[in-house]
Amino acid sequence: MASKPPEKPISDDNKATDPLDDKFALPVGAAAAQVPSTKPPAPEKLVADKNAKAKPVDDDEDEDEDDDDDDDEELVVFTAREAAGAFGTIYAFTRPFLANRRKMLAFVGFGVLVETLFNVIMPLSLKFLIDDALGEEDFDALIKILSVLAVAGIITSIVAIWYERWDARLASSIISSARERLFGHVQELPSAYFARTKRGETLSRFSVDMASFETCIKSFANSALLPFLELIAGILLMFYLNWQLALVALLIFPITLIGPRILTPKAVQANYEQKQSEASILGTIQENIAAQAVIKAFSLQRRTMGWFRLRNDDTGKRIAAATFLSTMVERSVTISVLMLHLVVLAIGAYLATKGQITVGTFVTFESAFWEVSYNIAHVMHFIPVSIQTAAAVQHMNEMLDEPTRGSDKPNAPELPRVENNISFDRVTFQYENSRAPVLDNLSLKLDVGKKIAIVGPSGSGKSTLLNLILRLYMPDEGKVTIDGVDIRKVTRESLRSHMAVVFQENMLFNMSIRENIRLGKEGATDEEVVEAAKKAEIHRYIMGLPDKYDTQVGERGDTLSGGQRQRIAIARAIVRNPSVLLLDEATSALDQTTEAALNATLFKLAEGRTMISSTHRLTSVVEMDEIIVISGGQVIERGSHAELLALGGTYRELWDNQGRHTADEDDDDEEDDEDEDDEDEDDEE
Ligand SMILES: Nc1ncnc2c1ncn2[C@@H]1O[C@H](COP(=O)(O)OP(=O)(O)OP(=O)(O)O)[C@@H](O)[C@H]1O
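Computed from a predicted structure; not experimentally measured.

**Q** Any chance you could break down the site of the ligand for me, citing the residues and the numbers?
**A** In the vicinity of the ligand, 14 residues are found, and the nearest of them are Ser-458, Gly-459, Lys-462, Ser-463 and Thr-464. Contact distances for the ligand include 2.9 Å between an oxygen atom and a backbone N or O atom of Gly-459. A distance of 2.8 Å separates an oxygen atom of the ligand from a polar side-chain atom of Ser-463. Considering the ligand on its own, with 630 Å² of exposed area, one finds that the protein chains cover 63% of that surface. In terms of residue count, the dominant contributor to the shell around the ligand is helix H15 (residues 462-469) (3 residues). Looking at the shell around the ligand, its residues break down into 5 nonpolar, 6 polar and 3 charged.

Okay, here's the thing in structure tokens:
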């Protein structure tokens, strides 16, 4: 029939598609049932999940308790899923996407059944052709048989074209939904996940793993379901023709499963290791691309090439092992089927020569046996695909099992506009995997309407304070309150709606300047966007661009200078009209002139709001209403610039140190200027 499974290995076949049906898990599942026992990271992973939970991340304590219960459930489900094997893993992953696609599933299922039926009628017609028409020289019978075949062939071809179309739609919609599920989950992951996970690790789920899943889903109908149904139908036909011969053939058939049984666990393990290795290499590439400036500046190309080669070679070896073992699973089947066929041919021919079966029965039995062998080989061909996909699905599930941020408490109220203060009440906080708390029983009250700077030595926890105000992380002990309300108890959305943050590195998206600013407030009008840009003092620059506000900023805003990027980020923050403006080293990466200009802008914008700025550039905090100095997890000094200088403590020390650096830099600058002047003069001479 037109859509007979292709001869080449299915792993290379991107044609065709279909639903997953657990009825057909047997051959695939039998081979892949070893997945759980050989999957190395399962126990550690579960422990890791537990540890992640043990730490409250963007969630509150009550919810954490509930989550711990959920963890136990997860553990049971995970183990059961493992026991169900690789096919079970794929099916469980896919099942949610099948729920509202029953019509498509039914159409594809019907089409496959019709095709299976035709593929039984075909060999069966041989028996009647040989025994009734050709043997008896009955021309009428011959016409009848050929007519039935022609009509059945035409109908089946039409049905096949029709269901292939549904199959393609079904597969593509399942793949889209799966990708959306992954992406949706990533949106809900807490900051802690992104801090500890390499970007390449996350990306590989969308590239390598999703590609495996896609191949499996797209080839399922033609390469697994259809051959499996034809296999069953072929066996029934063999029994219909001669049950004794069928029984003999069937009894020796299990030898075809010996190879897969031995080799599949090894193939599963090798494929899992390949996936891990590919994810790690993606991480290396990702890091390398991001660090190109440093690599060039330090001439690290040779060394980075060396690191890459090491990983690439390792990945190459794992791919070779996984590919060889996977193909050996199929090869062992084809070899044993060939042996088996010789045996059946010999017995059949013997019975026919002895007159115990007709020639028509012998030929049809042979044909049915070929059909069965052919379809067994095809079902077995699908095993490497399912093995690879099961490993990919496990890899995707690892990310999907990562706990999300947790939802707000039921009926959590909205946080009203911030009126009085933001307080840290005996807050202790430690990052996952870090040795000591960053904040240790810290108490601090920040009055609204003020411009407040948070300073301190590097790593003292300045950014961490801002993260806690934003509820990106939750305190291990104590609480952060706004106007006396614990921020865990209000909705996250309302908390953040009163705040806007400008980071040191502000991600601009590859879209127009207008859209980048509008990200600060959904539905902001063009006028609001322009107003914000004016306040951020970037409007005139934008109007000088050929496409003005519609100018595309390029990937990560690469077409703009650092200062321009920051001003757009400030406009994005301002369009929210926040009552609290948080600055996390917002101007520290800029040169002193740009920094001074931006600080002047920010000071103007801070009027009527609360501005909390974490910075290590002390020149930018001199004008602040209050400066908080933190060190060793505690607030050690607070006051105005003048007060803290007079105090002669840590702030004074930091100020003096920075003053010396600045003076040195200024001297250098002056020397450079002089050198340049000399060069200019030389040039002139
Ligand atoms: N996501 C994280 N996971 C683990 N440790 C972290 C994480 N973020 C920060 N840390 C650690 O917590 C400590 C405080 O970090 P934080 O960024 O708050 O300091 P900071 O005062 O803002 O530093 P800097 O002035 O250098 O920016 C540092 O030791 C840092 O290494």
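**Q** Break down the pairing of strand S10 (residues 634-639) for me, citing the residues and quoting the values.
**A** Both strand S9 (residues 626-631) and S10 contribute to a ladder of 5 bridges, which runs antiparallel. Looking across to S10, one finds that Ile-628 is bridged to Arg-638.

**Q** Let's hear about the side chain of Thr-428: which residues, and what values?
**A** By the element assignment, Thr-428 lies in strand S1 (residues 421-429). For Thr-428, a relative accessible area of 11% puts it in the buried group. Non-local contacts of Thr-428, meaning those with residues more than four positions away in its chain, are made with Pro-437, Leu-439, Asp-440, Asn-441, Pro-475, Asp-476 and Glu-477.

**Q** Before we move on, can you summarise the pattern of salt bridges with the specific residues and values?
**A** Under the defined criterion, the tally for this structure stands at 20 salt bridges. Measuring nitrogen to oxygen at the nearest pair gives 3.5 Å for the salt bridge that ties Lys-218 to Glu-214. Here Lys-218 and its partner Glu-214 are both found in helix H9 (residues 199-241), 4 residues apart, which amounts to about one turn of the helix. Given the relative accessible area of 23%, Lys-218 is considered partly exposed.

**Q** Which residues make up the nonpolar core, and what are the values?
**A** Counting 43 residues, the largest nonpolar core has Ile-517 and Tyr-651 as its most contacted members. The element that contributes the greatest number of residues to this core is helix H20 (residues 562-574), accounting for 6 residues. Beyond its immediate chain neighbours, meaning those up to four positions away, Tyr-651 contacts Val-455, Leu-618, Val-621, Ile-627, Val-629, Glu-637, His-641, Leu-644 and Leu-645.

**Q** Explain the packing of aromatic side chains to me, and be specific about the residues and the numbers.
**A** The description of an aromatic ring pair rests on the distance of the ring centres and on the angle between the ring planes. In the structure shown here, the tally under the stated rule is 10 aromatic pairs. When the ring of Phe-93 is compared with that of Phe-97, the centres are 5.9 Å apart and the planes differ by 80°; the resulting orientation is edge-to-face. Residue Phe-93 and its partner Phe-97 are both found in helix H5 (residues 85-98); the two are separated by 4 residues, about one turn of the helix. On the basis of an interplanar angle of 65° and a centroid distance of 5.6 Å, the ring pair of Phe-429 and Tyr-473 is categorised as edge-to-face. Pair noted here: Phe-429 is in strand S1 and Tyr-473 is in the loop between H15 and strand S4 (477-482), with a separation of 44 residues, a long-range link. Taken together through their ring pairs, the aromatic side chains of Phe-107, Phe-110, Trp-162 and Trp-166 make up a single cluster. Sitting above the plane of the Trp-166 ring, Arg-169 keeps its charged end 4.6 Å from the centroid.

**Q** Let's hear about the side chain of Glu-585: which residues, and what values?
**A** Topologically, Glu-585 is positioned in the loop between strand S7 (580-584) and helix H21 (592-605). Of note is the side chain of Glu-585, whose polar atom sits 3.0 Å from the side chain of His-616. Non-local contacts of Glu-585, meaning those with residues more than four positions away in its chain, are made with Lys-462, Phe-503, Gln-504, Ser-614, Thr-615 and His-616.

**Q** Would you mind going over helix H18 (residues 526-535) in detail, with residue names and values included?
**A** Of all the residues in H18, the buried ones are Val-529, Ala-532 and Ala-533. Buried residues of H18, seen end-on, are gathered within an arc of 100° and therefore sit on one face of the element. Of the surrounding secondary structure, the elements contacted by the buried residues of H18 are helix H17 (513-518), helix H19 (539-543) and H20. Of the residues flanking the end of H18, it is Glu-537, one or two places downstream, whose phi is positive at about 55°.

Analysis parameters
Residues numbered from 1 in each chain as written. Predicted model: local features only at pLDDT ≥ 70, side-chain atom pairs only at ≥ 80, totals over all residues. Heavy atoms only, no water. Near = heavy atom within 4 Å. Polar contact = N/O pair within 3.5 Å; in protein donor to acceptor, adjacent residues only side chain to side chain. Areas by Shrake-Rupley, 256 points an atom, 1.4 Å probe, with all protein chains shown as cover. Helix = DSSP H or I, 4+ residues; strand = E, 2+ residues; numbered from the N terminus. Nonpolar A, V, L, I, M, F, W, Y, C, P; charged D, E, K, R; others polar. Pairing = 2+ DSSP bridges. Buried < 20%, exposed > 50% of the residue type's maximum accessible area, 1.4 Å probe, protein only. Contact = heavy atoms within 4.5 Å. Salt bridge = Lys/Arg side-chain N within 4 Å of Asp/Glu carboxyl O. Core = buried A, V, L, I, M, F, W, Y, C linked by side-chain atoms within 4.5 Å. Phe/Tyr/Trp six-rings, centres within 6.5 Å; stacked < 30°, edge-to-face > 60°. Lys NZ or Arg CZ within 6 Å of the ring centre and 35° of its normal. Arc of directions from axis to C-beta.

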